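Here are the chains, one letter per residue:
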Amino acid sequence: MTTPATPTTPATLLTLAHSPCPNDTFVFHAWTSGLLPGAVPPEVTLADIDVTNSLAEKGELDVLKISYAALPRVLDRYALLPCGGALGHGCGPLVLTRGVRDPADLDGGTVAIPTEHSTAYLLFRLWAERALPGGSVRTVVMPFHEIMPAVRDGSVDAGLVIHEARFTFHTYGLHRVVDLGEAWEARTGLPIPLGAIVARRDLGAERLAGIADAIRGSVRYAWADPGASREYVRAHAQEMETEVLDQHIGLYVNAYTEDLGESGYQAVRSLLGLAARTGAVPALAPGALDLPAVHGSGSAGTV
């Protein structure tokens, strides 16, 4: 892991922070490895999403992968890029239990969550307000890797999990009591916004366009030659089995990663709008997500 750098000026290298998860390392490998003509590789920091959220809130680094739940708090300094993030269908967080099968039975129980500043927790709150009207659950924050064992061992009544846990929770003898992605899609008909890519506004429109083009180029390179990033992805996958690694990438790297499109932006506005009504996040100012100059030409661009 590299040490976070200070924000750059246009004459210096960009700094980039994203998670070590397979979808992120797969997406950014070509750019960060210098495989894109005309796109200078950035200085990379690998860190969990709660760390990158904090870096963005402090205004550190140039380009970051953050939770959509953190986006409203950083839009004064960062612009949402239309590519590179995690958004899709059938890829939402899960609420797991050892024996409970009726969501209503969670009323009054304890739910383990990885952080209170994540899109997963935002989706959980929005679901709970409708599924447990007038009820309550107590949340306890614990490291992600400890959540499923805690549910299995009965230390908590349920656990909120993300990413590869979708494919491995059966090995802990756990039951999926609710798929928050399915609940979101049933409510809105929209894809599930999970992770956003943001870049510093003071880099200027031209450089932001180049960054977006480099990210798109990196995604397309990864799709065209999946084997090129295999060892890099595996090195940061925390002993994830190959089958799970491939499932993870296949689920979280999709058409929305290449470009959010209108439905992607609509999903983001809907999620943050509903969350703002509950007081979970600040309300978005009109046009806060609009950045037409960023869409670029589709080539690697100059970054």
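Remember, predicted model here, so these are calculated numbers, not experimental data. (Residues numbered from 1 in each chain as written. Predicted model: local features only at pLDDT ≥ 70, side-chain atom pairs only at ≥ 80, totals over all residues. Heavy atoms only, no water.)

The next thing to look at is the overall build of the protein chain. Counting secondary structure elements, the protein chain contains eleven helices and eleven strands. Against the compact-globule benchmark of 19 Å for 303 residues, the protein chain has a radius of gyration of 19 Å, which places it among compact chains. Classification of the 303 residues of the protein chain by burial places 53% in the buried group. Taking as baseline every contact in the protein chain between residues at least 6 positions apart, the subset at least 24 positions apart corresponds to 79%. A total accessible area of about 12600 Å² is found for the protein chain, and carbon and sulfur atoms account for 51% of it. If the 22 positive side-chain charges of the protein chain are averaged to one point and the 33 negative ones to another, these points end up 4 Å apart. (Helix = DSSP H or I, 4+ residues; strand = E, 2+ residues; numbered from the N terminus. Rg over C-alpha atoms; globule rule 2.2 N^0.38 Å. Buried < 20%, exposed > 50% of the residue type's maximum accessible area, 1.4 Å probe, protein only. Contact = heavy atoms within 4.5 Å. Areas by Shrake-Rupley, 256 points an atom, 1.4 Å probe, with all protein chains shown as cover. Lys, Arg positive; Asp, Glu negative; His and termini not counted. Charge placed at Lys NZ, Arg CZ, Asp CG, Glu CD.)

So, about the layout of surface pockets. Its volume calculated, the largest pocket comes out at about 1200 Å³. In terms of lining residues, the largest pocket is bounded by 46 residues, among which Cys 21, Phe 144, Ile 162, His 163 and Glu 164 are the most central. Broken down by secondary-structure element, the contributors of at least two residues to the lining of the largest pocket are α1 (22-32), α2 (49-57), β3 (63-67), α3 (119-131), α4 (144-153), α5 (165-168), β11 (192-200) and α9 (242-252). In terms of residues, the lining of the largest pocket owes the most to one element, α4, which gives five residues. (1 Å grid on protein atoms, 1.4 Å probe; cavity = no way out; pocket = protein on both sides within 12 Å on 5 of 7 lines; lining within 4 Å. Points joined across faces, edges and corners; volume = space filled by probe spheres on them.)

If you trace the backbone, Ala 39 turns up in the loop between α1 and β2 (43-46). Overall, the relative accessible area of 5% leaves Ala 39 in the buried class. C-alpha of Ala 39 to C-alpha of Val 303: the two residues are 264 residues apart in sequence and 5.6 Å apart in space.

A word on the pattern of salt bridges. The full count for this structure, using the stated rule, is eleven salt bridges. One salt bridge in this structure joins Arg 166 and Asp 179, with 3.3 Å as the shortest N-O distance. A residue pair is termed long-range when its members are at least 10 positions apart, and Arg 166 in helix α5 and Asp 179 in strand β10 (residues 175-179) qualify at 13 residues. Note on accessibility: Arg 166 and Asp 179 belong to one class, buried. Across the salt bridge formed by Arg 269 and Asp 290, the nearest N and O atoms sit 3.3 Å from each other. A residue pair is termed long-range when its members are at least 10 positions apart, and Arg 269 in helix α11 (residues 261-277) and Asp 290 in the segment after α11 qualify at 21 residues. (Salt bridge = Lys/Arg side-chain N within 4 Å of Asp/Glu carboxyl O.)

Moving on, we come to the confidence of the model for the protein chain. Residues at a pLDDT of 70 or more form 91% of the protein chain, whose mean pLDDT is 89. Looking across the protein chain, the model is least confident in α5, with a mean pLDDT of 80, and most confident in strand β1 (residues 15-18), with 98. Here residues 1-11 scores under 50 on pLDDT; set against residues more than four positions off or in separate chains, the count is 25 contacts. Predicted confidence is poor over residues 294-301, with pLDDT under 50, and the contacts of this stretch with residues over four places away or in other chains come to 27 contacts. (pLDDT = per-residue confidence, 0-100.)

The next thing to look at is helix α6 (residues 180-188). Among the residues of α6, those classed as buried are Leu 180, Gly 181 and Trp 184. Down the axis of α6, the buried set is contained in an arc of 100°. They therefore lie on one face. In the core, the buried residues of α6 are packed alongside β6 (94-97), α3, β9 (158-161), β10, β11 and α11. Measuring from the side-chain oxygen of the N-cap residue of α6 to the backbone nitrogen of Gly 181 gives 2.8 Å; that N-cap residue is Asp 179. (Arc of directions from axis to C-beta. Polar contact = N/O pair within 3.5 Å; in protein donor to acceptor, adjacent residues only side chain to side chain.)

With that settled, consider the nonpolar core. Of all hydrophobic cores here, the largest spans 56 residues; its most connected members are Leu 64, Ile 66, Tyr 68, Leu 71 and Val 95. Looking at this core, the element that brings in the most residues is α3, giving eight residues. With sequence-adjacent residues up to four places away left out, Ile 66 is seen in contact with Ile 49, Thr 52, Asn 53, Ala 56, Leu 71, Val 74, Leu 194, Gly 195, Ala 196 and Val 198. Residues Ala 30, Val 44, Leu 81 and Ile 197 belong to the second largest nonpolar core, which totals 32 residues. (Core = buried A, V, L, I, M, F, W, Y, C linked by side-chain atoms within 4.5 Å.)

Before going further, it helps to examine the pairing of β3. Burial analysis of β3 places five of its five residues in the buried class, which makes it a mostly covered element. Here β3 shows no split at all, with Val 63, Lys 65 and Ser 67 on one side and Leu 64 and Ile 66 on the other all buried. As paired strands, β3 and β11 are joined by five bridges and run antiparallel to one another. Paired with Lys 65 across the bridge in β11 is Ile 197. (Pairing = 2+ DSSP bridges.)

Another aspect to go through is the side chain of Thr 32. Mapped onto the fold, Thr 32 is located in helix α1. Side-chain polar atoms of Thr 32 contact the backbone oxygen of His 29, separated by 3.3 Å. If we skip the residues at most four places from it in the chain, Thr 32 touches Leu 16, Pro 41, Pro 42, Val 44 and Tyr 232.

This paragraph deals with empty space enclosed by the protein. Under the counting rule described, the total for this entry stands at two cavities of 30 Å³ or more. There is about 50 Å³ of room inside the largest cavity. Forming the walls of the largest cavity are 13 residues, and the residues nearest its centre are Tyr 68, Cys 83, Gly 85, Tyr 256 and Leu 260. Mapped by element, the contributors of at least two residues to the lining of the largest cavity are β5 (86-88) and β11. A total of three residues in the lining of the largest cavity trace back to one element, the largest contributor, which is β11.

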